[in-house]
Amino acid sequence: MTGIGAQTGRKIWIDLDNTPHIPFFRPIIRELELRGHKVLLTARDAYKVCEMTAKFGLSPKVIGRHYGRNRLRKFMGFIYRTFQLMPLAMKERPFMALNHGSRSQLLTCNLLRIPSIEIMDYEHTVALPIDRPAWTIAPKYLPEIIPGVQQTRLRRYSGIKEDVYAPEFRPDPAILKELGLENAPIIVTVRPPASEAHYHNEEGDALFAAFMDRVCASDDVRAVLLPRSKHQEREIRTTFPRWFETSKVIIPSGVVDGLNLLWHSDLVVSGGGTMNREAAALGVPVFSIFRGTPGAVDMRLQDEGRLILIETTKDVHEKIPLRARNKEVNTGESSVRPALTEIIAHIEAILDFHAKR
């Protein structure tokens with residue numbers, strides 16, 4: 001261990017604002033603790049964050065919740081959660097805060113003058129001046145100039161954020177029996193568009209419905225549908241009851257290991273960024289029905305042939321092949337991925353910078 005931060009150990013506050021943050025931060029938490037740092041962990045009760053933290057063996061302090069799709073309620077919820085976080089931050093006095101898009105944590109840090117690091121991988125996120133981080137860590141794929149980011153306080157890492165945890169994945173075929181898919185000729189995992197997100201575009205909903213109708217009309221295909229919340233599940237079941245008239249489409253009753261499900265799928269169709277990139281990191285064919293402004297990471301993955309962007313209902317029928325794939329080789333282990341090492345090195349350097357001030 002080198003540097004002031006590594007010699008003395010620091011308290012680092014990590015806020016889990018959404019489900020993709022859980023597998024991403026788990027190896028980061030492990031590496032920080034191995035270096036003598038103490039991690040203060042908080043989480044927002046949104047989507048399936050609480051269930052996922054339990055599954056991954058994490059025990060955060062749960063503070064705040066999701067406030068739905070209404071923009072005014074979202075903004076008020078963001079402010080309210082900030083004030084919910086402040087007493088804990090004032091009591092614990094973390095040396096540094098770390099997140100992957102937690103606006104409430106960023107505003108809390110700015111109000112209490114706690115240095116913050118935001119790890120981000122989507123350059124089109126709308127940031128307010130009040131919730132901008134002190135430091136940013138982003139993939140090298142992102143543009144040289146990122147709106148709202150201080151160039152002198154921007155650090156880069158190789159690959160994509162999913163490379164932080166995908167190499168540690170080991171497949172477990174027991175999931176097929178758990179989901180009743182042992183004899184399914186073709187398995188497709190489907191993630192609906194994020195209907196409650198600020199970037200939601202109704203074109204994605206149309207692509208999602210068109211693909212699910214195609215699945216239900218195909219004899220050899222079973223779909224594992226992963227709604228983002230109970231509310232979205234109820235909406236889907238109410239709007240499209242025909243999808244559930246047979247056993248062609250299943251929704252898992254509890255939280256599943258996302259990487260394991262993706263690995264045992266023949267293809268993935270998703271309206272969300274993280275699941276698309278997880279599939280790409282594992283070498284599973286993936287088709288994005290996200291219809292917001294595409295990010296540089298997704299464009300790079302498309303250029304590399306690791307992801308296909310679906311733009312029209314015609315694409316749904318012509319660009320998505322419903323066929324089985326060879327699952328003999330775990331491509332998640334096939335290459336050296338320095339993302340985790342580089343991110344930890346950046347965090348340590350930033351800790352040292354502030355320790356010397």
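Computed from a predicted model, the values in this text were never measured in an experiment. (Residues numbered from 1 in each chain as written. Predicted model: local features only at pLDDT ≥ 70, side-chain atom pairs only at ≥ 80, totals over all residues. Heavy atoms only, no water.)

Q: For this particular structure, what's the right way to read the overall build of the chain?
A: Secondary structure summary: the chain contains 13 helices and 13 strands in total. Expected size for 357 residues packed as a compact globule is a radius of gyration near 21 Å; at 20 Å, the chain falls within 12% of this value. In terms of overall dimensions, the chain has a C-alpha envelope of 65 × 45 × 35 Å along the principal axes. With an accessible surface of roughly 16,400 Å², the chain has 51% of that area assigned to carbon and sulfur atoms. Charged side chains in the chain number 49 positive and 42 negative. The centres of these two groups are separated by 6 Å. (Helix = DSSP H or I, 4+ residues; strand = E, 2+ residues; numbered from the N terminus. Rg over C-alpha atoms; globule rule 2.2 N^0.38 Å. Areas by Shrake-Rupley, 256 points an atom, 1.4 Å probe, with all protein chains shown as cover. Lys, Arg positive; Asp, Glu negative; His and termini not counted. Charge placed at Lys NZ, Arg CZ, Asp CG, Glu CD.)

Q: Is there a simple way to explain the confidence of the model for the chain in this structure?
A: One rule of thumb: low pLDDT means the predicted coordinates there are not for detailed reading. Taken over all residues, the pLDDT of the chain has a mean of 92, while the share at 70 or more is 94%. Segment residues 1–6 is flagged for pLDDT under 50; beyond a separation of four residues in sequence, or across chains, it makes 18 contacts in the model. (pLDDT = per-residue confidence, 0-100. Contact = heavy atoms within 4.5 Å.)

Q: Looking at this structure, how should I read the pairing of strand E9 (residues 221–225)?
A: Successive residues of a regular strand alternate their side chains across the two faces of the sheet. Of all five residues that make up E9, five are buried, and the element is covered over most of its length. For strand E8 (residues 186–191) and E9, the ladder comprises five bridges, and the chain directions are parallel. Looking at E9, one finds that Thr189 is bridged to Val224. When E9 meets strand E10 (residues 249–250), the two strands line up parallel, connected through two bridges. By the bridge assignment for E10, Ala223 is matched with Val249. (Buried < 20%, exposed > 50% of the residue type's maximum accessible area, 1.4 Å probe, protein only. Pairing = 2+ DSSP bridges.)

Q: Could you clarify how one ought to interpret the packing of helix H4 (residues 71–92) against helix H5 (residues 103–112) in this entry?
A: Think of two packed helices as two axes; the pair is described by the angle between the axes and how far apart they sit. Look at H4 against H5: their axes get within 8 Å of each other, and the N-to-C directions meet at 55°. Regarding the angle of H4 to H5, the classification is oblique. When you trace H4 past H5, the crossing you get is right-handed. In this structure, H4 uses Phe78, Ile79, Arg81, Thr82, Leu85, Met86, Ala89 and Met90 to contact H5, whose residues at the interface are Arg103, Ser104, Gln105, Leu107, Thr108, Leu111 and Leu112. In the contact of H4 with H5, the residues fall into nine nonpolar, four polar and two charged. (Axes fitted to C-alpha atoms, helices over the stretch in contact; angles between N-to-C directions. Parallel < 35°, antiparallel > 145°, perpendicular 65-115°, else oblique. Left-handed = near helix turned anticlockwise from the far one by under 90°. Nonpolar A, V, L, I, M, F, W, Y, C, P; charged D, E, K, R; others polar.)

Q: Is there a simple way to explain the pattern of salt bridges in this structure?
A: Here the idea is simple: oppositely charged side chains can pair when their charged atoms come close. Here the structure, examined in full by the defined rule, presents 23 salt bridges. The partner of Arg30 in a salt bridge is Glu168, and the shortest N-O contact between them spans 2.8 Å. Of this pair, Arg30 sits in helix H2 (residues 21–34) while Glu168 sits in the loop between strand E7 (154–157) and helix H6 (174–178), and the two are 138 residues apart along the sequence. Look at Glu168 and you get partly exposed, because its relative accessible area is 38%. (Salt bridge = Lys/Arg side-chain N within 4 Å of Asp/Glu carboxyl O.)

Q: I tried to follow the packing of H2 against helix H13 (residues 339–355) on my own but got confused; where do I start?
A: Axis separation between H2 and H13 bottoms out at 11 Å; the angle between their running directions is 55°. If you check the angle between H2 and H13, you find them oblique. Seen along the crossing, H2 lies across H13 with a hand that is right-handed. Judged by residue contacts, Phe24, Pro27, Ile28, Arg30, Glu31 and Leu32 of H2 engage Leu340, Ile343, Ile344 and Ile347 from H13. For the contact of H2 with H13, the per-class residue count stands at eight nonpolar, no polar and two charged.

Q: Any chance you could explain the side chain of Ser104 here in plain terms?
A: The residue Ser104 is located in helix H5 in this model. Residue classification places Ser104 among the buried residues on the basis of a relative accessible area of 6%. Apart from the residues lying within four places of it in its own chain, the contact partners of Ser104 are Phe78, Arg81, Thr82 and Leu85.

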